[in-house]
Amino acid sequence: VMGSHEKAWGEYAEPVGRLLAVRGYNLLTGAGEGVMSAVAKAYTDVEDRAGVSIGILPAVDYKGQKLDKTEYPNPFIEVPMITPLSAKAQNDVMPFSRNLTNVMTSQALIILPGSHGTRNEVALGLMYDKPLIMFGPDEAFDRFPEEPLRADAIQHVEQFLDDVFNEE
């Protein structure tokens, strides 16, 4: 689940977190605040779930500075994984980025509203032909590619997951 590090988008993140937990999937997210924290909290709030909350942490921030331990990982990440994150990992072809790790490690991508990093993950998902759905209000995805499947109801996300995992 990818999305904004600034805004939680709880009305979308929380049902996604619960859905993934109830279905027994592992959650993989960026381990920061905003959507990442909201979805991980909703996920870990589900008792007796089969999966774990995995957070992909950058080694350094976008300025190349050491990470602030109060921001990463958020308190709802059960398995933190540190990856190399270049200070310039803002474009679609940047190798060795956290975004690329997020996309390539995921079996399916659920994209919530976000900005440049989230758009980069969508572009990478399209480039590597990953199953992808954007979940949120249409206007939140105005600056995103048009191709991906879009949803504004959790039932659409649930159907997306059914379709992805029934094909495997």
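From a predicted model like this one, the values you see are computed outputs, not experimental measurements.

Conventions used here
Residues numbered from 1 in each chain as written. Predicted model: local features only at pLDDT ≥ 70, side-chain atom pairs only at ≥ 80, totals over all residues. Heavy atoms only, no water. Helix = DSSP H or I, 4+ residues; strand = E, 2+ residues; numbered from the N terminus. Rg over C-alpha atoms; globule rule 2.2 N^0.38 Å. Buried < 20%, exposed > 50% of the residue type's maximum accessible area, 1.4 Å probe, protein only. Contact = heavy atoms within 4.5 Å. Areas by Shrake-Rupley, 256 points an atom, 1.4 Å probe, with all protein chains shown as cover. Lys, Arg positive; Asp, Glu negative; His and termini not counted. Charge placed at Lys NZ, Arg CZ, Asp CG, Glu CD. Phe/Tyr/Trp six-rings, centres within 6.5 Å; stacked < 30°, edge-to-face > 60°. Pairing = 2+ DSSP bridges. Expected span 1.5 Å × (residues − 1).

Peer 1: Whenever I open this one, the overall build of the protein chain confuses me. Can you help?
Peer 2: The secondary structure content of the protein chain amounts to 5 helices and 6 strands. By the compact-globule yardstick of 15 Å for 168 residues, the protein chain fits well, its C-alpha radius of gyration being 15 Å. The principal-axis extents of the C-alpha atoms in the protein chain amount to approximately 40 × 35 × 30 Å. Across the 168 residues of the protein chain, 49% fall into the buried class. Counting contacts in the protein chain only where the partners sit at least 6 residues apart, residues at least 24 apart contribute 65% of the total. Per element, the accessible surface of the protein chain, about 8,500 Å² overall, is 51% carbon and sulfur. Computed over 14 positive and 25 negative side-chain charges, the inter-centroid distance for the protein chain is 8 Å.

Peer 1: What is the right way to look at the packing of aromatic side chains in this model?
Peer 2: All told, the structure shown has 4 aromatic pairs when counted by the stated rule. Centre to centre, the rings of Trp9 and Tyr12 are 6.2 Å apart; their planes meet at 50°, and the pair counts as tilted. An identical accessibility class is assigned to Trp9 and Tyr12; each is buried. Plain terms: the ring middles of Tyr12 and Phe135 are 4.9 Å apart, the flat faces sit at 90° to each other, and that makes the pair edge-to-face.

Peer 1: Can you help me understand the pairing of strand S2 (residues 53-58) in this one?
Peer 2: Walk down a regular strand and you will see the side chains alternate between the two sheet faces. Most of S2 sits out of view: 6 of its 6 residues are buried. In S2, alternate side chains face the same way, and those of Ser53, Gly55 and Leu57 on one face and Ile54, Ile56 and Pro58 on the other are all buried. One ladder, built from 3 bridges, connects strand S1 (residues 27-29) with S2; its direction is parallel. Opposite Leu28, over in S2, you have Ile54 as the bridge partner. Pairing geometry for S2 and strand S3 (residues 79-83), over 5 bridges, is parallel. Within S3, the position partnered with Ile56 by the bridge is Met81.

Peer 1: It is not clear to me how helix H4 (residues 116-127) should be interpreted in this structure. Could you clarify?
Peer 2: Note on helix geometry: an α-helix contains 3.6 residues per turn, so any two residues three or four positions apart are oriented the same way. Taking 1.5 Å per residue, 12 residues should reach 16 Å; H4 reaches 16 Å between its end C-alpha atoms and fits that length. Listing the buried residues of H4 in full gives Gly117, Thr118, Asn120, Glu121, Val122, Ala123, Leu124 and Gly125. Contacts from the buried residues of H4 go to helix H3 (98-105), strand S4 (109-111) and strand S5 (132-135). The first or second residue beyond H4 is Asp129, which carries a positive phi of 55°.

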